[in-house]
Amino acid sequence: MIKKLFLMGFFVLILIGLTSAEILAQWDLLANESATQSDDDVNPGNFVAGPGINNLSAESPDYTTIISPGGGTFSITPSGASANGWSNSSLNSDDYFQISLSPKLGFSLNINSINFGEARRSDGITEYQVQWSKDLSFSSPTSIATVNVPDNDLGRMGDISGLNINVDSGETIYIRFFGYNAEFSDGPWSILASINNAGVDSPLRVEGTTFIFCGDVNNDGESSNILDLTYLVDYIFRGGPAPVPLLRGDLNNDDKTNILDLTYLVNYIFRGGPEPIC
């Protein structure tokens with residue numbers, strides 16, 4: 001029975017998920033560390049640097065220096081977000097660029113691709129790895145790309161597609177770009193800006209979809225059950241908290257959340273009626 005409910009919830013999530021979006025978040029990296037575009041249902045974090053890498057102020061005082069919360073620094077240059085201090089041996093857990101994003105309350109998101117351009121200076125890194133984690137400490141990250149970098153300073157696309165990463169309401173995903181095996185530790189590596197001098201004009205972008213779990217009125221991540229029914233009764237008759245978003249309670253898909261949705265949910269749970277169709 002539990003397995004059946006799990007599978008039912010899974011297919012409801014996939015087939016009845018709403019509010020699709022192609023771009024979840026985008027960082028142009030032309031002037032600062034902030035995201036320049038995001039889906040209405042997504043909270044993007046800033047582009048930040050790990051504590052092991054440094055900005056390029058010694059090379060040009062005109063570069064904009066960004067100081068990240070963890071102590072790392074990087075520079076906004078004509079190439080994009082650039083830093084040196086990369087490990088000249090194996091991957092160092094402090095040497096990274098990072099982006100993050102989280103769905104807004106009541107929503108979930110699914111990431112299917114990460115698109116970016118990158119370039120090294122001829123004495124920079126020779127390898128990079130992209131990892132993600134929902135834990136900021138990165139105690140058990142998942143690696144999604146390991147790339148050997150050609151021995152030149154040309155801009156390259158580093159797109160990662162075919163992903164299927166779910167992030168639920170209340171969670172945050174952190175995506176890190178680790179550079180290592182640098183020829184010299186002062187050799188810069190850049191995540192390219194949307195317009196840059198490296199010949200690859202491509203913003204850093206995360207693509208996928210956002211959705212709600214239709215019928216999960218109380219937003220506990222479970223398929224429709226008596227707890228959702230109780231939550232809806234409290235909202236409609238007792239002034240209790242509204243479903244977040246309110247669309248979670250529109251179970252009959254008439255653009256309202258009222259007693260008709262309550263009746264619909266009773267029929268579904270107790271009488272074998274049709275599934276919620278928010």
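**Student:** Could you clarify how one ought to interpret the overall build of the protein in this entry?
**Tutor:** Along its length, the protein carries three helices and 17 strands. Here the C-alpha coordinates of the protein stretch approximately 70 × 35 × 30 Å along the principal axes. Within the protein, the fraction of its 278 residues that count as buried is 49%. Restricting the contact set of the protein to residue pairs at least 6 apart, pairs at least 24 apart contribute 71%. Summed over all atoms, the accessible surface of the protein reaches about 12,700 Å², with 52% contributed by carbon and sulfur. Taking the average place of the 13 positive charges on the side chains of the protein and the average place of its 33 negative ones, the gap between the two points comes to 9 Å.

**Student:** Help me out: how do you make sense of the environment of G106 in this one?
**Tutor:** The residue G106 is located in the loop between strand 8 (96–103) and strand 9 (108–115) in this model. We classify G106 as buried; its relative accessible area is 0%. Taking the C-alpha atoms as reference points, G106 and S82, 24 residues apart in sequence, are found 36 Å from one another. Apart from the residues lying within four places of it in its own chain, the contact partners of G106 are S169, I212, N219, V244, P245 and R248.

**Student:** Would you explain unusual backbone geometry in this entry?
**Tutor:** Outside of glycine, negative phi angles account for most residues, and trans bonds account for most peptide bonds. Along the chain, V244 connects to P245 via a cis peptide bond; the corresponding omega equals -10°. Looking at the element boundaries, P245 is found in the loop between helix 2 (226–238) and helix 3 (259–271). One non-glycine residue, F138, lies in positive phi territory at about 55°. Under the relative-accessibility criterion, F138 is labelled buried at 10%. A positive phi is found at N181, a non-glycine position, where the angle reads about 55°. Topologically, N181 is positioned in the loop between strand 15 (173–180) and strand 16 (189–192).

**Student:** It is not clear to me how the sheet that holds strand 6 (residues 73–76) should be interpreted in this structure. Could you clarify?
**Tutor:** Within a sheet, neighbouring strands are paired by backbone hydrogen bonds and run either parallel or antiparallel to one another. Reading across from one edge, 5-6-7-16-10-13 is the order of the six strands in this open sheet, with antiparallel pairing throughout. Of all the strands in the sheet, the pair left with one neighbour each is strand 5 (64–67) and strand 13 (156–157).

**Student:** For this particular structure, what's the right way to read the sheet that holds strand 17 (residues 204–211)?
**Tutor:** With antiparallel pairing, the five strands of this open sheet are ordered in space as 2-1-17-9-14. At either end of the open sheet lies a strand with only one pairing partner, and these are strand 2 (37–38) and strand 14 (165–167). Summarising the sheet, strand 1 (residues 23–27) and strand 2 pair through two bridges and their orientation is antiparallel. Within strand 2, the residue paired with Q26 across the bridge is Q37.

Criteria and cut-off values
Residues numbered from 1 in each chain as written. Predicted model: local features only at pLDDT ≥ 70, side-chain atom pairs only at ≥ 80, totals over all residues. Heavy atoms only, no water. Helix = DSSP H or I, 4+ residues; strand = E, 2+ residues; numbered from the N terminus. Buried < 20%, exposed > 50% of the residue type's maximum accessible area, 1.4 Å probe, protein only. Contact = heavy atoms within 4.5 Å. Areas by Shrake-Rupley, 256 points an atom, 1.4 Å probe, with all protein chains shown as cover. Lys, Arg positive; Asp, Glu negative; His and termini not counted. Charge placed at Lys NZ, Arg CZ, Asp CG, Glu CD. Pairing = 2+ DSSP bridges.

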